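Listed below are the residues making up each chain.
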Amino acid sequence: MAKETENKTNEALREKLLSSPKHAARILKQEEIDTADRFCEDYKAFLNASKTEREAVIEIERRAVEHGYTKFVPGKKYEAGSRVYLNNRGKAVILAVIGKTCISEGMRIIAAHIDSPRIDLKPNPLYEDSELALFKTHYYGGIKKYQWTAIPLSLHGVVVKKDGASISVTIGEAEDEPGFVITDLLPHLGRAQSERKLGEGIKGEELNILIGSRPLAGDEGADSVKLNIMNILHEKYGIIESDFLSAELELVPAFLAKDIGFDRSMVASYGQDDRVCAYTSLIAALEVENPEKTCLTVLADKEEVGSNGNTGLDSSFMKYFIYDLAEASGIAGHTVLSRSECLSADVNAGFDPTFPEVMERRNAAFFNRGVVVTKYTGARGKSGTSDASAEFMGKVRRMLDGAGVVWQTGELGKVDEGGGGTVAMFVANLDVDVVDVGVPVLSMHSPYEVTAKLDVYMAYKAFQAFFV
Ligand code: MN
Ligand code: MN
C-alpha cells in the first residue's frame, strides 16, 4: 500500500476505534454557540433571584405558573399534557407533566438540588463585644471557611414571630442596602494564624458576622450597640430578640453572577452547585409539551447536608407525590417507581490546571467538553453512592448521542483523594434506575463558583432530550 493511503486508513481506524473528547466549540455550529451564550443571560438572572432554597422555590413557582403549571391536587386524575407542581414547605418543588403513556410504564425523573453551602445564624445569634454587634453562625454544607471572610455578605430568610406571623428578610443585595462581613486577622498580626492548618485558618466559631457599631442614642446602659441593632430590627421587621429562635436566616455572598474571561465564555456566581442543574432542568420542564412518559422535575433542598430532613430527598416527599399520582390512576406506586428512570442532575468537579494533582486526567471532567455523566460518586472504594448499571449508562449514552448533546464522563477526583455524594443513591433506593448528569464546576462550594456556558447549555439539551 502506498504510504499516503496507509496513513489515511490508520486515521480512519483511529477515528473509529479510539475516543477523543473535544472542546464543544470545535463540534458545535457558531449558531448553537450563540444560542448557548444567550441561554446563560437568563441563567444569570435566575441565579441572582435565587440565592437561597426559599428564593429559588419562589422563582421556580413563578415561572412554572407562567408556563401553565397548576397546584397539584392529590386524588385528582390528570389527563395527558397536564402540568402540575407541588411546593414542599417553601423549600423544595416538584414539577410534573403528565405523559401520553400510562404511568404504570414508569416516569422520567430529573432530580437537582436548590440548596447551596452558606452561613446560617445560630438560634441565639446576636451579641455585643467591644462595642461591636455581631451574629454567631453555624455554617451549612461543606465550605472552606477561610473563603467566607472579608467578602460582602447578604442576609436572607424568614423569621416566624411568637404570634405565628412570618417575616421575610432579604438585605444586602441592592446597591443602596447595607451588607455584612466576617472579619479576618490582618497579616501583620497573623503569624500564629498562618501556622494553623489551612482547614483551621478560620475556625467555625470565628465565622462571626459584623452587623453594627453604634450605641442606642442617649443610652448609657450595658450592650447598647446590641440594643440599637435590635431596635433597628424591631422598627424594620417588628421582631424581638427571642424571635431568632424561630428563624432561618442565611448569609450568602452579595455578589451578582458575572461573565468571566475576555471571551465571556464562563459564568461565575455563588450557588451554581446545584442551581445550574436546577435551572437547566427547570427550563426543560417548562418547555416540554405532551411528552411520551410523565416527566418529573424534583428540585430538592438539604442535599448539601446529606439530603436529611423532610425537604431533602432522603425523605418521602417525592415518593408520596408519585404514589398520589399512581393511586389516582389505580396503579400501585411501587410499580411506577420500579419502571422509572432518573437523571440525578448535579455538578461535578471540573479539571483545574492549577490543582492537577487531585485529578486523574483520563477520567476527569473538563470545561467545555459538555455535560458530564458520572457513573458513580462516593468515596473509598465506591462507598455511599449508586453506581449506575452498564445498561442504564448505555441507554443514557444513546439518548445523548441521538440528540446531538456534547457530553463527557467524569469522576470526582483520584481514587482515595476524597469524594462526595449526590441525591442519586436516595432515588436509587426507591428502585429507580439513576445516573448523575450535570455540569463541571471550578471552585465548587466557594462563594464564587465558575462554569462554562457551553456546558450549561449542554446540560439543558441533555435534560430536554430525556423529557421528549
Ligand atoms: Mn450538588
Ligand atoms: Mn455540593
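Residues numbered from 1 in each chain as written. Chains lettered and ligands numbered in written order. Predicted model: local features only at pLDDT ≥ 70, side-chain atom pairs only at ≥ 80, totals over all residues. Heavy atoms only, no water.

Estimated volume of the largest pocket: approximately 1,100 Å³. Surrounding the largest pocket, 41 residues form its lining, Ala349, Leu412, Gly419, Met444 and His445 being those nearest its centre. Those elements that provide at least two residues to the lining of the largest pocket are β16 (348-349), β20 (419-420) and α11 (424-428). Taken together, the residues of the lining of the largest pocket break down into 13 nonpolar, 20 polar and 8 charged. Residue contributions to the lining of the largest pocket reach at least three from each of two domains, namely domain 1 (19-116 + 270-467) and domain 2 (127-252). Counted as a void, the second largest pocket has a volume near 920 Å³. Taken together, 27 residues make up the lining of the second largest pocket; nearest its centre are Ser19, Ser20, Pro21, Lys22 and Trp407. (1 Å grid on protein atoms, 1.4 Å probe; cavity = no way out; pocket = protein on both sides within 12 Å on 5 of 7 lines; lining within 4 Å. Points joined across faces, edges and corners; volume = space filled by probe spheres on them. Helix = DSSP H or I, 4+ residues; strand = E, 2+ residues; numbered from the N terminus. Nonpolar A, V, L, I, M, F, W, Y, C, P; charged D, E, K, R; others polar. Domains from an automatic or database assignment.)

Bringing the coordination of the manganese ion (ligand 1) into the picture now. For the manganese ion (ligand 1), the protein coordination sphere consists of His113 (NE2), Asp273 (OD), Asp346 (OD) and Asp346 (OD), at 2.1 to 2.5 Å. Spacing between the donor residues of the manganese ion (ligand 1) along the chain follows H-x159-D-x72-D. The metal-metal distance between the manganese ion (ligand 1) and the manganese ion (ligand 2) is 3.3 Å, with Asp273 coordinating both. With His113 in strand β4 (residues 107-113) and Asp273 in helix α7 (residues 272-287), this residue pair connects regions lying 160 residues apart in the sequence. (Donors = N, O, S within 2.8 Å, 3.2 Å for Na, K, Ca; no water.)

Working note: a packed helix pair is described by the angle between its axes plus the distance between those axes. For the pair helix α3 (residues 30-49) and helix α12 (residues 453-467), interaxial distance at closest approach is 9 Å and the crossing angle is 90 degrees. With respect to α12, the element α3 is oriented roughly perpendicular. Contacts between α3 and α12 pair Glu32, Ile33, Thr35, Ala36, Asp37, Phe39, Cys40, Glu41 and Tyr43 from the former with Lys453, Leu454, Val456, Tyr457, Met458, Tyr460 and Lys461 from the latter. Across the contact of α3 with α12, the residue classes tally to 10 nonpolar, 1 polar and 5 charged. (Axes fitted to C-alpha atoms, helices over the stretch in contact; angles between N-to-C directions. Parallel < 35°, antiparallel > 145°, perpendicular 65-115°, else oblique. Contact = heavy atoms within 4.5 Å.)

This brings us to the coordination of the manganese ion (ligand 2). For the manganese ion (ligand 2), the full set of protein donor atoms is Asp273 (OD), Glu304 (OE), Glu304 (OE) and His445 (NE2), at a range of 2.0 to 2.6 Å. Donor residues for the manganese ion (ligand 2), ordered by position in the chain, follow D-x30-E-x140-H.

Bringing the domain arrangement of the chain into the picture now. Partitioning the chain into domains gives domain 1 (19-116 + 270-467) and domain 2 (127-252). Centre-to-centre, using C-alpha coordinates, domain 1 lies 33 Å away from domain 2. Between domain 1 and domain 2, the residue contacts involve 17 residues of the former and 14 residues of the latter. At the boundary of domain 1 with domain 2, total buried surface from both sides reaches about 1,300 Å², with 52% on carbon and sulfur atoms. Broken down residue by residue, the surface that domain 1 buries against domain 2 is led by Arg54, His445 and Pro447, which jointly contribute 35%. (Buried area = accessible area lost by both parts, 1.4 Å probe.)

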